[in-house]
Amino acid sequence: MRGPLTALDIAAELKITKEGVRLQLVKFLEEGLIEVEKESKGVGRPQKFYSISNLGNTKFPDTHAELTVKLLSIIRESMGEEALQTVIGLNEAAGKKRYHEEIDPLADLESKIQGLVAIRSREGYMAEYTKDEPGYLLIENHCPICAAATICQGFCASELQIFRSVLGDSVSIDRTDHIIAGARRCAYKISAL
């Protein structure tokens, strides 16, 4: 959820010794679950930054990716693109209804974003948010529908429409990072208009 980290950063995050972290990192590297990049920062040895690999990402929920991809392909091939868009639209409508039921009673923008983070985390997106001067950054560190979104970008557009609906017309939401485009996460800049 934090992106590439050094062994020292990981030890601090997990509240264990650096040596304990190194033992796990060696094991995870051997298994191909993580990757390491070296970065020079002035004098001395380059720092090693560890991040999750594609194989490591497969250890997280993927919402039955293979079946989802097959079903989407069948819909597209047998009934056409219009039928696929109908399915996406119906899914979006159901999502809006569900999200609105939980988020509408919340009073202010930050509470609504907290509600959105809670929903998205339950759905497997490993969501979090940060607050800064111009607004908020909603971060999704995992995409349980990545396989489906890769073959049909309509799902990503639909999710953005759901966010805009539940957070309201007085808010601007822009995607700044997109897993499908090669980023390590999806991120959305949210600010009041």
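Residues numbered from 1 in each chain as written. Predicted model: local features only at pLDDT ≥ 70, side-chain atom pairs only at ≥ 80, totals over all residues. Heavy atoms only, no water.

(A) The packing of aromatic side chains, seen in detail. All told, the structure shown has two aromatic pairs when counted by the stated rule. Seen in terms of ring centroids, phenylalanine 163 and tyrosine 188 are 5.0 Å apart; in terms of plane orientation they differ by 85°. Their pairing is edge-to-face. Separated by 25 residues along the polypeptide, phenylalanine 163 in helix 8 (residues 154-167) and tyrosine 188 in strand 6 (residues 186-192) bring together distant segments of the chain. Taken as a pair, phenylalanine 163 and tyrosine 188 share a single burial class, namely buried. A cation over an aromatic ring shows up here: arginine 120 above the ring of tyrosine 125, its NZ or CZ 3.7 Å from the ring centre. (Phe/Tyr/Trp six-rings, centres within 6.5 Å; stacked < 30°, edge-to-face > 60°. Helix = DSSP H or I, 4+ residues; strand = E, 2+ residues; numbered from the N terminus. Buried < 20%, exposed > 50% of the residue type's maximum accessible area, 1.4 Å probe, protein only. Lys NZ or Arg CZ within 6 Å of the ring centre and 35° of its normal.)

(B) Broad picture of the packing of helix 5 (residues 81-103) against helix 8. The geometry of helix 5 relative to helix 8 is characterised by a closest axis approach of 9 Å and an angle of 30° between their N-to-C directions. Here helix 5 is positioned roughly parallel relative to helix 8, judged by the angle of their axes. As helix 5 packs across helix 8, the resulting crossing turns out to be right-handed. Residues Ile88, Asn91, Glu92, Gly95, Lys96, Tyr99, His100 and Ile103 of helix 5 lie in contact with helix 8, whose contacting residues are Gly154, Phe155, Ser158, Gln161, Ile162, Phe163, Ser165 and Val166. Its residues assigned to classes, the contact of helix 5 with helix 8 shows seven nonpolar, seven polar and two charged. (Axes fitted to C-alpha atoms, helices over the stretch in contact; angles between N-to-C directions. Parallel < 35°, antiparallel > 145°, perpendicular 65-115°, else oblique. Left-handed = near helix turned anticlockwise from the far one by under 90°. Contact = heavy atoms within 4.5 Å. Nonpolar A, V, L, I, M, F, W, Y, C, P; charged D, E, K, R; others polar.)

(C) Region of the structure containing helix 6 (residues 109-122). With 14 residues, helix 6 should cover 20 Å at 1.5 Å per step; its first-to-last C-alpha distance of 20 Å lies within 8% of that length. Buried within helix 6 we find Lys112, Ile113, Gly115, Leu116, Val117, Ile119 and Arg120. In this structure, the buried side of helix 6 is in contact with helix 5, strand 3 (127-132), strand 4 (135-140), helix 8 and strand 6. At the C-terminal side of helix 6, glycine 124 shows a positive phi close to 100°. (Expected span 1.5 Å × (residues − 1).)

(D) Layout of the sheet that holds strand 5 (residues 171-177). Overall, antiparallel pairing links the four strands, which are arranged 3-4-6-5 in an open sheet. The strands lining the two open edges of the sheet, one partner per strand, are strand 3 and strand 5. On average, each strand axis in the sheet is inclined to that of its neighbour by 20°, with strand direction left out of account. Relative to strand 4, strand 3 is paired through six bridges, and the arrangement is antiparallel. When the bridges of strand 4 are listed, aspartate 132 appears paired with glycine 135. Here helix 6 sits on the sheet and contacts strand 3, strand 4, strand 5 and strand 6; the angle it forms with strand 3, its principal contact strand, is near 155°. In this fold helix 8 packs onto strand 4, strand 5 and strand 6, with an angle of close to 150° to the strand it touches most, strand 5. (Pairing = 2+ DSSP bridges.)

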